[in-house]
Structure formats: C-alpha cells, structure tokens
Amino acid sequence: MTDPAQVFMDLVRYETRLYNALGERLRAEHGVTMGQFEFLRIIDGREGCRVNDLAEEAAITVGATSKGVDRLEALGWVVRRPHPANRRSSLLELTPEGRERLAAATPTFEDGLRSWLTGPLTAGSLEGFAATLALLRGTLQDASAGTPAG
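Within every chain, residues take consecutive numbers counted from 1 along the sequence as written. Side-chain atom pairs in this predicted model are given and counted only at pLDDT of 80 or more, local residue features only at pLDDT of at least 70, and totals for whole chains, interfaces and linings cover all residues. Water and hydrogen atoms were dropped before computing side-chain values, which therefore reflect all heavy atoms in the structure.

Student: Explain the layout of surface pockets residue by residue, including any values.
Tutor: Cavity: a set of points on a 1 Å grid over the protein atoms alone where a 1.4 Å probe fits but cannot get out. Pocket: an open set with protein on both sides within 12 Å along at least five of seven lines, its lining residues, like those of a cavity, having an atom within 4 Å of a point. Grid points are joined across faces, edges and corners, and a volume is the space filled by probe spheres set on the points. Taken as a whole, the largest pocket encloses approximately 2100 Å³ of empty space. Around the largest pocket, the lining comprises 44 residues; the ones closest to its centre are Glu15, Glu38, Glu57, Leu133 and Arg137. Tallying contributions element by element places helix α6 (residues 123-142) first for the lining of the largest pocket, with ten residues. When its residues are assigned to classes, the lining of the largest pocket shows 28 nonpolar, nine polar and seven charged. Roughly 160 Å³ of internal volume is contained in the second largest pocket. Helical segments are the DSSP runs of H or I of at least four residues, strand segments are the runs of E of at least two, and each set is numbered from the N terminus. By the convention adopted, Pro, Cys, Tyr, Trp, Phe, Met, Ile, Leu, Val and Ala count as nonpolar, Lys, Arg, Asp and Glu as charged, and the other residues, Gly among them, as polar.

Student: A description of the environment of proline 148 should follow, citing residues and the corresponding values.
Tutor: If you trace the backbone, proline 148 turns up in the segment after α6. Summary of the burial criterion: residues with accessible area below 20% of their type's maximum are buried, those above 50% are exposed, and those between are partly exposed, where the area comes from a 1.4 Å probe applied to protein chains only. According to the relative accessible area criterion, proline 148 is partly exposed, its value standing at 30%. Remark: the alpha-carbon pair of proline 148 and alanine 55, spanning 93 residues in sequence, is separated by 9.2 Å.

Student: Please set out the nonpolar core residue by residue, giving values where relevant.
Tutor: Core analysis: the largest hydrophobic core is formed by 22 residues, its most contacted members being Phe37, Leu40, Ile43, Leu54, Val69, Val78 and Leu92. Of all elements in the fold, only α1 (4-30), α2 (34-45), α3 (51-58), α4 (62-75), β2 (90-94) and α5 (96-118) reach the threshold of two or more residues within this core. Ranked by the residues each element gives to this core, the list is headed by α2, at six residues. Contacts: residue pairs with any heavy atoms within 4.5 Å of one another. If we skip the residues at most four places from it in the chain, valine 69 touches Phe39, Val51, Leu54, Val78, Arg80 and Leu92. Residue types Ala, Val, Leu, Ile, Met, Phe, Trp, Tyr and Cys, when buried and joined through side-chain atoms within 4.5 Å, form a set referred to as a nonpolar core.

Student: Hey, could you go over the pattern of salt bridges for me, with residue numbers and the actual values?
Tutor: Salt bridge, as used here: a side-chain nitrogen of Lys or Arg that lies within 4 Å of a carboxyl oxygen of Asp or Glu. Summed over the entire model, instances satisfying the criterion amount to ten salt bridges. Where aspartate 53 meets arginine 50, a salt bridge forms, and the shortest distance between an N and an O atom there is 3.0 Å. You can call arginine 50 partly exposed: its relative accessible area is 26%. Within the structure, one salt-bridge network assembled from shared partners comprises Arg25, Glu29, Asp111 and Arg114.

Student: Quick rundown of the packing of aromatic side chains? Include the residues and the values.
Tutor: Geometrically, a pair of aromatic rings is defined through the distance of the ring centres and the angle of the planes. Two rings from Phe, Tyr or Trp (for Trp, the six-membered ring) form a pair when their centres sit within 6.5 Å of each other. Planes less than 30 degrees apart are called stacked, planes more than 60 degrees apart edge-to-face, and all others tilted. Overall, the coordinates contain one aromatic pair when judged by the stated rule. Their ring planes at 40 degrees and their centres at 4.7 Å tell us that phenylalanine 37 and phenylalanine 109 sit as a pair that is tilted. Here the residue phenylalanine 37 occupies a position in helix α2, and phenylalanine 109 occupies one in helix α5, the gap between them amounting to 72 residues. Exposure class is identical for phenylalanine 37 and phenylalanine 109. Each is buried.

Student: Tell me about a nonpolar patch on the surface, residues and numbers included.
Tutor: A cluster of nonpolar side chains, namely Leu11, Phe129, Leu133 and Leu136, defines an oily patch on the protein surface of about 310 Å² accessible area. When residues in the nonpolar patch are grouped by element, the largest group, three residues, is from α6. With respect to the helices and strands, the residue leucine 11 is situated in helix α1. For patch detection, residues must exceed 30% relative accessible area and be free of salt bridges, and they are connected within 9 Å for like charges or within 5 Å for nonpolar side chains (Val, Leu, Ile, Met, Phe, Trp, Tyr). In these tables, accessible area is a Shrake-Rupley quantity obtained with a 1.4 Å probe, and a residue counts as shielded only by the protein chains included in the view.

Student: Break down the side chain of glutamine 36 for me, with residues and values.
Tutor: Residue position: glutamine 36 is located in helix α2. Assessed through its relative accessible area of 16%, glutamine 36 is described here as buried. Those residues in contact with glutamine 36, other than ones at most four positions away along the chain, are Gly31, Leu72, Leu75 and Trp77.

Student: Mind laying out the packing of α2 against α4, listing which residues take part and the relevant values?
Tutor: Interhelical geometry of α2 versus α4 gives an angle of 90 degrees and a closest axis separation of 11 Å. In terms of orientation, α2 and α4 fall into the roughly perpendicular class. Here Gln36, Phe39 and Leu40 of α2 come into contact with α4, specifically with Thr65, Gly68, Val69, Leu72 and Leu75. Looking at side-chain class alone, the contact of α2 with α4 contains five nonpolar, three polar and no charged residues. With axes taken as lines fitted to C-alpha atoms, and helix axes fitted only over the stretch in contact, angles between N-to-C directions fall between 0 and 180 degrees. Angles are sorted into four bins: roughly parallel if under 35 degrees, roughly antiparallel if over 145, roughly perpendicular if 65 to 115, and oblique for all others.

Rendered as structure tokens:
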C-alpha cells in the first residue's frame, strides 16, 4: 500500500529541488530569480493583472507580492499603471526590458523542465501526472485551502 505521507514528502522535495535547480540556472544565465521569473510570466500572461491577481495565482500574501512587484519596478522590469475603473488599484505591465528579460530566460526555463520533468517521464506518464496535479490543485483551490491571508 502506498504511504500518503511519503507521497507528500516526495512531492514537496521534488518541487523544492526542481524550483531550486531552475532558479540556479535562471540566476546564473539571466540574473533572474525563480520568483521574479514567475511574476514576469504571470503578469505577461494576464491582461489587466493586478497585485491581488498575482498574489492569488502565486498563492502568497498580497504584502509579499507587493514587495516583489516593488523590486521588479526598481529593476525597471515592471510598471504600475492606474486602473481605469478603480482608483485604489493599479495594473501591472512589463516594460520593454522586462519583456526582453522574460523572453531571454524562457528557453532556459523550458530547457530545465525538459531535463528534470519531461526527460524522465514518457509522454503518457507526463500527461497522467499533469492531470493528477491539476485535480489535486483544483481540489485545494475549490476549497479555498492553503491561501495565505493578507
């Protein structure tokens, strides 16, 4: 019988090691942390992205997200624009430098995924793994579980 506690530990340790391995390459080759890369990808992929949207997607606090966006702004990779319908909110947008940084780092990220994720799995195994992870993630999201406050 499969031990759920061991499955949990394997999943968490795999995610941690994969995140770190990808992050090490991104930092060495592009001067981008994994967290910065994630933020750039999310902002780029979501029209009208707000700090709250970014926090929800990354499953971290709004405060931590705002600080991360502040750092991206200081680097010149992101700008905050006034929200046309809500004066208390702003929209996040990549600058040309942010777009260039993301475009340069994306092939490195994808190559790392090929090495550490798709390389060890067959196409069918990856498809099943992806479906299982999507199901598990959706279960937690639907229950609003694991979402930090603030």
